[in-house]
Amino acid sequence: EEWQALREPIESGWLTQGPKVRAFEMAFAERHRVAHALATTSCTTALHLALATLGVGPGDDVIVPAFTWVATANVVLYCGAVPVFVDVEDDTALIDPDAVAAAVTGQTAAIVPVHLYGQTVAMSSLQNLAAGKGLMLIEDACQAHGARRENRRAGSLGDAAAFSFYPSKNLGALGDAGCVTTDDQALAERLRMLRDHGSRERYVHELLGRTDRMDGIQAAVLGVKLPHLDDWNSSRRELATRYLRGLAKLDGVRCLKEQDGGEHVFHLFVVRVAERDRIRQSLTDIGVGTGVHYPLPLHIQPCCAHLGYSEGEFPVAEKLASEILSLPMFPELLPGQVDEVVDGLRSLV
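Here's a quick rundown of the structure. (Residues numbered from 1 in each chain as written. Predicted model: local features only at pLDDT ≥ 70, side-chain atom pairs only at ≥ 80, totals over all residues. Heavy atoms only, no water.)

1. Concerning the sheet that holds strand E1 (residues 36-40)
Note the threshold: Strand pairing is assigned whenever DSSP detects at least two bridges linking the two strands. For the purposes of this entry, the term helix denotes a DSSP run of H or I that reaches at least four residues, the term strand denotes a run of E that reaches at least two, and both are numbered from the N terminus. Angular values range over 0 to 180 degrees, each being the angle between N-to-C directions of two axes fitted as lines to C-alpha atoms, with helices fitted over their stretch in contact. The contact criterion used is simple: two residues touch if any of their non-hydrogen atoms lie within 4.5 Å.
Across the sheet, seven strands lie side by side as E1-E9-E8-E5-E4-E2-E3; this open sheet has mixed pairing. At either margin of the open sheet sits one strand with a lone partner, and together these are E1 and strand E3 (82-86). On average, each strand axis in the sheet is tilted by 25 degrees relative to the strand beside it, whichever way the strands run. Looking at chain direction, strand E4 (residues 108-111) and strand E5 (residues 136-140) are connected through two bridges and run parallel. Bridge assignment links Ala-110 to a residue of E5, and that residue is Met-136. Running over the sheet, helix H3 (residues 43-53) touches E1, E5, strand E8 (160-164) and strand E9 (178-182) and is turned about 165 degrees from E8.

Pasting the structure below:
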């Protein structure tokens, strides 16, 4: 199906934007019950465009979790604003709403919660906080394709949301690609111009824009894959259940908690173990691949050193970074392979 879909943009000449991109945008927006989906080159550009379109700039603070992928902080810096880090919850690794509330000041312009590992943040308290303080709420949904919170999909819970379609994501392209979802008509119109050199009419450039358009071949592939996403997520959840059952009574391995009222889509299946690096190497030795997402919290990343944070400020994030281990997780993983991973862990802890 993908090979056939690739022929159309190549044969038609619509290699950027074009009908395949528009068709995917419409399908993605409809799936999330939002008015607009705007395809971009990556989740990083999607987040940056969302912040820029909402007017975030010099003099503004943006609250982000200390424990996530670095792009969430980088896009704030791209805008000339300051990322203000807060700690995360110990049992879920998601942003701590109480810490967010404590971090709000007169300079705060926006909050960027991250739906980490495929689980949606409990958004109600953040929605109330943002509404009461006049703040913008932008979801980083790059790992949460299809995740739900109280029957609403991630991507429909804030002023705007950004998705990644990096190849390893639950919905992955053949390279880098991303998307912004929003119900805000004015935001959508401005973002549509910013991603295309500030233009809505060819050769007339109203704004200082960029080249952040999705390629037609990526949209073609994503359009083929989108109808399969729910089935793939269902497989991930079944595999996660098998992991949880196998690891439930295993001392030395701690699984992250799935919150009530949500539907986790397990982009990653993450556990916490002491002596993580030793165990990871031992699993590698017996043929089990693993990952670490992520080994260094944002506040002690070298690129954020100028912000003045130091080790010890966000103890939960730092403890997580030293213990987390991502186990194999993808829809085609076999139940017996999950059991092999569990048995391997049992022999090591």
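That covers the picture; the talk isn't over yet.
2. Regarding the packing of helix H10 (residues 276-285) against helix H12 (residues 335-348)
To be explicit about the condition: Should an angle lie under 35 degrees it is considered roughly parallel, over 145 roughly antiparallel, and from 65 to 115 roughly perpendicular; all remaining angles are considered oblique. Should the near helix be turned anticlockwise from the far one by less than a right angle, the crossing is termed left-handed; should it be turned clockwise, right-handed.
Relative orientation of the contacting elements H10 and H12 amounts to 130 degrees, with a least axis distance of 10 Å. Judged on the interaxial angle alone, H12 and H10 are oblique. H12 is crossed by H10, and the crossing has right-handed handedness. Taken together, the residues of H12 that come into contact with H10 (itself represented by Arg-278, Ile-279, Ser-282 and Leu-283) are Gly-344, Leu-345 and Leu-348.

3. Some points on the side chain of Asp-61
Put simply, the test is: The rule is simple: take the accessible area with a 1.4 Å probe, protein chains only, and divide by the maximum for that residue type; under 20% is buried, over 50% is exposed, in between is partly exposed. Positive charges come from Lys and Arg alone, negative charges from Asp and Glu alone, with His and the N- and C-terminal ends not counted. When a carboxyl oxygen of Asp or Glu is within 4 Å of a side-chain nitrogen of Lys or Arg, the pair counts as a salt bridge.
Counting through the fold element by element, Asp-61 comes out in strand E2 (residues 61-65). Despite its burial, Asp-61 pairs with no opposite charge; the closest candidate is Lys-133, at 13 Å N-O. With sequence-adjacent residues up to four places away left out, Asp-61 is seen in contact with Val-82, Val-84, Thr-105, Gln-107, Thr-108, Ala-109 and Ala-110.

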